[in-house]
Structures are given as C-alpha cells and as structure tokens.
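The primary structure of each chain is shown beneath.
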Amino acid sequence: MDLFKERKYPFIFALAILLLTVVVFVLTSTDTTTTSAATVISYFQPRPTTSRNATVSPNTTTTSFANKVNHTKNTSSFTSKTDENITNHNITNNSNINDVDEVSLDLIKWEICKLPFAVDYIPCLDNWEAIKQLKSRRHMEHRERHCPSPSPRCLVPLPYGYKLPVPWPKSRDMIWYDNVPHPKLVEYKKDQNWVRKSGDYFVFPGGGTQFKQGVDHYIELIEKTLPKIKWGKHIRVILDVGCGVASFGGYLLDRDVITMSFAPKDEHEAQIQFALERGIPATLSVIGTQKLTFPDNAYDLIHCARCRVHWDADGGKPLLELNRILRPGGFFIWSATPIYRHDEKHRSVWNAVVNLTESMCWKAVARTVDSNRIGLVIFQKPVSSSCYEKRKENIPPLCDENNSLNTSWYAPLSNCISRLPVDSKGKLQSWPAPWPQRLSSKPPSLSLYAEEAFNKDTAHWFALVSDVYMGGLSINWSSVRNVMDMNASYGGFAAALIDQPLWVMNVIPIDAQDTLSIIFDRGLIGMYHDWCESFNTYPRTYDLLHSSFLFRSLTQRCDVVDIAAEMDRILKPGGYLLIQDTMEMIDKLRSILHSLHWSTNIYQDQFLVGKKGFWRPTGIKT
C-alpha cells in the first residue's frame, strides 16, 4: 500500500510485466511438453476405431481408394477416419521398432527403393552384389536366393498408371497392361500365342510352345493318352515346371485341379508376374543347386512342357529332385522335342533321360504324338520298393534311412533316390482319397497322435471363417483372389475357404511344426519359408495376407518392421492384411501399418484388419 501512496507507478508496472512474462513462459513450456508427449502416445497406443467389437458387412470398407495412381503429384486419395492425423514417415535401419513404444514418431521414415527396376524389386533374387561374386553360373546359381543383409526397408514404387486389377474370372484371359508393363514376352513368343497386347490390356489366348491347338486340347490329349489320369479326382495337386504364363495351370482350375506353377526370374520377362496378376497360383523358383521348398512325396503329377531343364545334368540331380517331391504312383509328363525329333542331338537327350528314369525305377506308361507333331511321354513313380532291391547296380543309391524328411530350406540337391514314405506301422502310405473327399478325410501323412489336433483345427477354422471372417470383418471378399496364409499349420484356413473363388498359398515357417505334407495330402498347395527373409514373388501379387499368432515367435528372430515392409511389398494396393494375435502385438503392428498409411480396424480384441492404400513416400519419381 505504501507503494501506491508514494505513487511509485513505474516500479509497479515493471514488476507486473516481469510476473506476466514468467507466467507465460511456464504455461508455454508446459503446453509444448504436453503436446509433444501426446503426439508420441497417440501414435503408439491403440487408436480409436469405430468399435472393436463391431460387426461390419463384408461389403463395407473404412477406406476409399483411387482407381488410378496420380504420379504427377505422387499423392494418395487414401483417407480414413482412423488415420486422419498420419503424416509421411520414414523408417531407417537404425531404429528398433520391436520396442515400438520407445520410438519417437519423428524417427520413423519410409523411403522409396532407389535402384533400377524398383517397381519389380525382389530382394532375395535381385541382390546383384551377391550374384556378381558367384564363382559359377553353370547350375543356375544366379537364379537362386541370395538375400541381402540387413533386409531392405524401402518401399517398392507403383508402375505408372497402376489400376485395381481386373477381377477373377475375367483376369484369367486379360489383365491391365499398366499393371505389368512388360511387352518383351509378347515379341519373344509372338508365334506361340502365349500373350498378346490389345489396347490397354494383355490378353492370354491359351496358347503355348506345346499348345498349338490351345491348352484345352492339350489337357484333353493327356487324359486320352492315359485315362488313369482323372483330372480333379485322382489327380488334384500338380506342379508345372517352367510354366510360362501359367495357362496350363489356369485352365486346369476348371477341372478342380490346383497347380503350383513355377519358373525362374529370367529373360522370359515377368512370366510369373503375369500368372499372379491373372489370379493363377505361381511362384518364382528354379531347379539349380538347391532343393525346391516343397515336402517329400507331395505332388500327384509333375508337368514340363519345353521347360528347358537338363534332367540328366549333374548325375541326374534335377530329375532326382522331382522324384523326391512326387507322390509314389504319381506321374511325370514330359512334353519336349527329344520325344518326337529323331536327329542325333535329340536322340542323345532322349536316351539319357530314359536310362536315368529306368535307374530310378520309373516306368514309361504312355507316349503319343498328335497331328501337330507335338509329343509327350508319361512316366510313373513306383509304389513299392521291390524294383530298387532288384537293380543290378545301386546307381543312383537309395538315400540313407536317417535322412530326415522335408529339410529342403537352403538344402543342396541330393544325388540319391528318396525312400518311399511309410506310416507309423511301417506300411507304405496310401494315395489320398479322391477329391474332394481328401480335403476332410484323414491325411496319409498324419500321425496317430496328431489326429485329435487335426480334427480340432479343422473344426475351429470352419467355424471362425464362417462366423467371423466372412461376415464380421470389413473385408470385401469379392475382390480377393490370391490369398496367402503366412503360418498355415494344417491348412484349416484354406480348407474353410474352399468354396470361395480364390486360392491359398499355405506357408509353413521353417521354425514351425512341419505340417506341409499334410496340407498337400488334403489337396492344397504350399511351401516352406523364413519370414525373416523376402518371399519369392513379385511386388503386388497377393490380395490378402493372413496369419494366426505368428509374430510372437517370429519377432524373437527378426525385426517386425522388416516383416511389415515385406508385407507391403507383396500385397496389392487395396489388398487386406488379416491378423489374429494378442493385443500387445496388434498394437505394435498397427502403429507400423499407420506409418505406411494403411487403414486398420480391430475386432474382439484379437483380430486386426489392415487395408493397404496407394500411398508412397513423396518426392520420388517412379
């Protein structure tokens, strides 16, 4: 009060200004700190959804997608109420996202893959530095897997003009040119009717090197040549070696036959990419120095039409590998020029193959040449070991009895004949029941102690798919054709979807229980894989990826961010990720998916549905 009486107003004014400045400073610091903390917390904690327990019609989506990418602006029309505040992030190899809660939002950044032909980048097949260091390419070593370390975390750009794919079944006969803009095969095979360009489309007339009257005629020729081959009954699961654009497997789908088509990534540009864009099962592989990633005694029939494999090379190892994966009593169809051309060169090849098949106890059960001078021969693998015991020479030798089954991940080709499979009582395994009974009947390779688990698994998946997956999640199943089950167990998920117009690649992780033989016994297809590495497929080849409690064990060996980058690579824009897992793992995955600008929804505190958009990081021309 004395200050007022003495009228010392300048001092009072200065004191007030000082106090006000201190208050403003404190409030500003508090707000900044709170905002920064809130930003990090809102990103790494569960984001709000419409309702975790909501039931959404399969035709309802949380995201709208552009039908065509705008490459001029390189922006996305992908929006979602769930992800309104997501910004452009980058993830670097220096960040450890396994502890997602401790990573600052500012450190998460994604970048476009900066390398030639990045739109078709396959990390384990395009590792040029490793390929250049190979000492030999004599046995196709350069077409085999050479995975980079560490795994790349870049995002593959989209081809210019990429559109949502043509839906099945129309896609079997035509696809968008812009989605797979590789015209080289059109010119290379212009006289063989594999593929033609027509306006904005590639069209597939059903021709091929050996299919001069069309693939349907060729398929009928096989069955007439050997009536024992009853497509879709006795013969259900087949392998097409050197498949071209997979028209053989595509047309067999009409006969209830599912074909694993494979070919290497070679000068026949994008043939497997064409197949998958068409909606036909296919994978990239080669018979080089390593075993194919399939179990023993898996396929009912193996087919090769001018597949350019030297079957008698390296002591016959390529044909011995087919013997390993061919079911006892199964067939090998070889359609190639040595069968119907009789010059010295072709006769030499024919004689070498005949001598090799006889030493393996295969029988030539049929042979024909049609009116177009296209010929084929059908060999059959024995159903008993008696022939092996009667051979005058033990060449090739039988494999050791302690040679463990199904160790085909990065395993060298064998130079021995794999033994015929026996059950727990020592009896030779029987052929599976005719299709479709074999889908639900007891698989021949199923052990007695696993029957109860198998039956429970089958019942579980039929109920879950029917009650939850098909009607309770925001997935438009009518847009889904190519499906991958990332940890397939007994194949119950695929079996439950059997009446849907789609196919499932059943993957058995290398560190999981080996059930892949059971999957093949059921009349389904699949392969082994290590999810710490890239999968052998082109980018944008699957419509839906599914996993059930995969990530807990997987993240003990590798980084979940690398797995997310791979899922983003192989999933098509507009495609779905469907995960069943713990909420702890779902929250971690969801945060990473948000950084990729995917929309997400959570159901019943155990199911995560993610949908990939067209977003790619800005500032990079594709």
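Look a little higher up for the structure.
This is a predicted model, so every value here is computed, not measured. (Residues numbered from 1 in each chain as written. Predicted model: local features only at pLDDT ≥ 70, side-chain atom pairs only at ≥ 80, totals over all residues. Heavy atoms only, no water.)

J.: I would appreciate a short explanation of helix H15 (residues 560–570) in the present structure.
T.: For an α-helix, the turn length of 3.6 residues means that residues three or four places apart are oriented alike. The element H15 is extensively covered by neighbouring structure, given that 11 of its 11 residues are classed as buried. Within the sequence span of H15, burial applies to Val-560, Val-561, Asp-562, Ile-563, Ala-564, Ala-565, Glu-566, Met-567, Asp-568, Arg-569 and Ile-570. Lining the buried residues of H15 we find strand E11 (482–485), strand E14 (542–548), helix H14 (551–554), strand E15 (571–580) and helix H16 (583–595). The backbone nitrogen of Val-561 lies 3.0 Å from a side-chain oxygen of the residue at the head of H15, namely Asp-559. (Buried < 20%, exposed > 50% of the residue type's maximum accessible area, 1.4 Å probe, protein only. Helix = DSSP H or I, 4+ residues; strand = E, 2+ residues; numbered from the N terminus. Contact = heavy atoms within 4.5 Å. Polar contact = N/O pair within 3.5 Å; in protein donor to acceptor, adjacent residues only side chain to side chain.)

J.: Just to check I follow, could you spell out unusual backbone geometry for this structure?
T.: Note on backbone geometry: most residues besides glycine have negative phi, and most peptide bonds are trans. Between Ile-395 and Pro-396 the backbone carries a cis peptide bond, its omega angle lying at -10°. On the secondary structure map, Pro-396 appears in the loop between helix H10 (386–390) and helix H11 (451–469). A cis amide bond links Trp-435 to the next residue, Pro-436, at an omega of 10°. Relative to the helices and strands, Pro-436 resides in the loop between H10 and H11. In this structure, Asp-256 is a non-glycine residue whose phi angle is positive, near 60°. Assignment of secondary structure puts Asp-256 in the loop between helix H6 (247–252) and strand E5 (258–263).

J.: Just checking my understanding: could you explain the pairing of strand E13 (residues 525–529) for this structure?
T.: By the criterion of burial, E13 is predominantly enclosed, with five of the five residues buried. Across five bridges, the pairing between strand E12 (residues 503–509) and E13 is parallel. When the sheet's bridge partners are listed, Pro-509 is paired in E13 with His-529. Following the chain from E12 across helix H13 (residues 516–521) to the adjacent parallel E13, one finds a crossover that is right-handed. (Pairing = 2+ DSSP bridges. Right-handed = clockwise from strand over helix to strand, strands pointing away.)

J.: Honestly, empty space enclosed by the protein in this entry has me stumped. Any pointers?
T.: One water molecule sets the probe size; rolling that probe over the atoms shows where empty space is left. Summed over the entire model, instances satisfying the criterion amount to four cavities of 30 Å³ or more. Every residue lining the largest cavity is counted, 21 residues in all, and those nearest its centre are Arg-145, Ser-285, Lys-291, Thr-293 and Asn-536. When the residues that make up the lining of the largest cavity are grouped by side-chain class, the tally is 10 nonpolar, six polar and five charged. (1 Å grid on protein atoms, 1.4 Å probe; cavity = no way out; pocket = protein on both sides within 12 Å on 5 of 7 lines; lining within 4 Å. Points joined across faces, edges and corners; volume = space filled by probe spheres on them. Nonpolar A, V, L, I, M, F, W, Y, C, P; charged D, E, K, R; others polar.)

J.: Sorry if this is basic, but what is going on with helix H9 (residues 344–359) here?
T.: Taking 1.5 Å as the rise per residue, H9 with 16 residues should run 22 Å; its terminal C-alpha atoms sit 23 Å apart, in good agreement. The complete set of buried residues in H9 reads His-346, Trp-350, Val-353, Val-354, Leu-356, Thr-357 and Ser-359. Elements in contact with the buried residues of H9: helix H8 (313–325), strand E8 (326–335), strand E9 (363–369) and strand E10 (375–380). Between a side-chain oxygen at the N-terminus of H9 and the backbone nitrogen of Lys-345 the separation is 3.2 Å; the capping residue is Asp-343. At the C-terminal side of H9, Cys-361 shows a positive phi close to 70°. (Expected span 1.5 Å × (residues − 1).)

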